[in-house]
Amino acid sequence: MPEEFLWYPATRMQQGLWVLDRDELQRPTQLVPTVVEFTGEVDHGQLVEAARLTIARHPSLRTRFRFNTRLRRVEYSTHGEPGEAVLRDAEAEGLGAPEVDAFVRQLCSTPFDLGADAPARAVVVRLDARRTLLVLVSHHIVVDGLSRTMLLEETFAVYRARLAGTRPQLSDPPHPASVVADRSPEEVAAQVAEVVERLRGAPVDVRLPFERGAGDDLEAARLGATVTTRLDAEHTAKALAVASEEGCTTFMLGVALLAGTLARGSGQRDFLIAFAWPGRDHPDAADVIGMFITTVVLRISLEPDTGWRELLRAARVASMEAFMDADVPLDALAAELNPDRTRLWPPLTPVLLNLDDAPHTPVLAPGVTGRLRPLDPLYVKYDLAVFVRIADDVDGRQLELSLDHPTDVTDRSAVSAFLTDLRRSAADLATSPEEPVLEQPVETINLDDSEERLELVRSIWREILGIDAADDIDDDVSFFEAGGDSLLLVVLVERLSQTSGRTLRTIDLFRSATVSGQADLLASPAEAV
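Remember, it's a predicted structure, so these values are computed and weren't measured experimentally. (Residues numbered from 1 in each chain as written. Predicted model: local features only at pLDDT ≥ 70, side-chain atom pairs only at ≥ 80, totals over all residues. Heavy atoms only, no water.)

Draft legend 1. Unusual backbone geometry, seen in detail. A cis amide bond, omega 5 degrees, links D376 with the succeeding residue P377. Mapped onto the secondary structure, P377 falls in the loop between β13 (368-372) and β14 (378-379). (Helix = DSSP H or I, 4+ residues; strand = E, 2+ residues; numbered from the N terminus.)

Listed below in structure tokens is the structure:
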């Protein structure tokens, strides 16, 4: 690249990501892959061209990075060639599902050379006449979560315009360097000192509900998995109403639920929780593809008699304080609060909480349905990452809770148990918001134990059907033969889901209508995505 091209200083967040990318184990974790599967008739050539045009349009996706030894800074130029968009025809090449999956895994885990490669690439994979994959991979140093969504939506808009033979209505993208606020070192130092004072004394570790492995395989320690559950519509509405009465957003509700659940399962009462802040404070940054987010840490604590409403208020205050100081460099905080840390990331807390705003049902064109495919492999940075969102369901809005966790945990059932506890906390907040959080102990049910599963189902049958606790229930008798009906079956679904943390459907319990059949349903792991 010619030296006369202009080089811009990387932001502090980008500098940190560049450092992480120097570590071989960290490099795959810095990728932002997206895999969308479409069902319907897709013009593959037009989709490839739409992805190519979108990637080429944005300056940040043409960047190359370097370390300037004279100025001692990481910097970038946006004069590089854009990344490629190509087509693969799996059917014509004779690639079966295992070969396609292996190819996609390779695409999603192959790092970029930030000094030589464009930090974005796209591949359209034609599976057959009705199924298509779009694999879009970029580097986190130039793309944040909002940018990923914008990239997808713009690609789809360009595709639809090309199909219609028209030009898409797109504004000229500003250069990312033009929308970055520049603050003096003195201003940064003063703000760091203020935040350090607020966070000082908080433990920089969290007593997690599970233990990690020995850590001998450092590469495997970066691999993760996801489990997900939902709160039923009735309890969701109540929980959101309580949160709203206390002026809390869905994110703040998630903070209270996470802190409360962690406290109920351990003796810890004071927590640091990380989250991602959009970082688009400049008025012209809203539509810019780039890396603007910052990692922010909030502090929340509770006392033995703290109720759910009080915890919500504490979550609101802690979140607002963190929001106001969201542009404080995390590395500077870590240097003050955790100077003895032994790993690059995470620097202050192993726990993350984020709002899940990814487009779960991408819309490409009329007659074409889309869904986000689960990432394989999934790379994790945090020991526990919780994602909260409100999902629209046929039965109403439901609070969805997802956990990303490392796969090297010594007891995976402990992860599912914690997800169940998190869901129970949400139900307790919804129904008993005035009660002390810690006086509602979570009685963990071991769903790996067949007898505990059977007893759980029996107890809920007794509750719903009004059967005396001393009376036996035949494990092979149908729910309907025992006195149930379709209305009570709906109640049974909600109670079993709420108590077990499993996402159950009415049709599942209808087909498995006995105690033993429903206990077997609970043996399945919490829904993985």
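Draft legend 2. Summary view of the pattern of salt bridges. One pass over the full model with this rule turns up 38 salt bridges. The salt bridge partner of R212 is D383, with a shortest N-O separation of 2.5 Å. Separated by 171 residues along the polypeptide, R212 in the loop between α6 (185-199) and β8 (223-230) and D383 in the loop between β14 and β15 (384-393) bring together distant segments of the chain. With a relative accessible area of 26%, R212 lands in the partly exposed category. Residue class for D383 comes out buried when judged on its relative accessible area of 10%. With a closest N to O distance of 2.8 Å, E246 and R313 form a salt bridge. Within this pair, whereas E246 is found in the loop between α7 (233-245) and α8 (250-264), its partner R313 is found in helix α9 (residues 308-324), the two being separated by 67 residues in sequence. On the accessibility criterion, E246 (16% relative accessible area) is buried. Look at the salt bridges and you will find they share partners, linking E37, D101, D128, R131, R371 and R373 into a network. (Salt bridge = Lys/Arg side-chain N within 4 Å of Asp/Glu carboxyl O. Buried < 20%, exposed > 50% of the residue type's maximum accessible area, 1.4 Å probe, protein only.)

Draft legend 3. Spotlight on the nonpolar core. Counting residues in hydrophobic clusters, the biggest one holds 73 residues, and the most contacted among them are F38, L61, F65, V125 and L364. At 6 residues, helix α5 (residues 145-164) tops the list of elements feeding residues into this core. Excluding its chain neighbours within four sequence positions, the residues that come into contact with L61 are T54, I55, G83, A118, P119, A120, V142, V143, L151 and I289. Listed in part, the 52 residues of the second largest apolar core include V206, C248, L253 and L302. (Core = buried A, V, L, I, M, F, W, Y, C linked by side-chain atoms within 4.5 Å. Contact = heavy atoms within 4.5 Å.)

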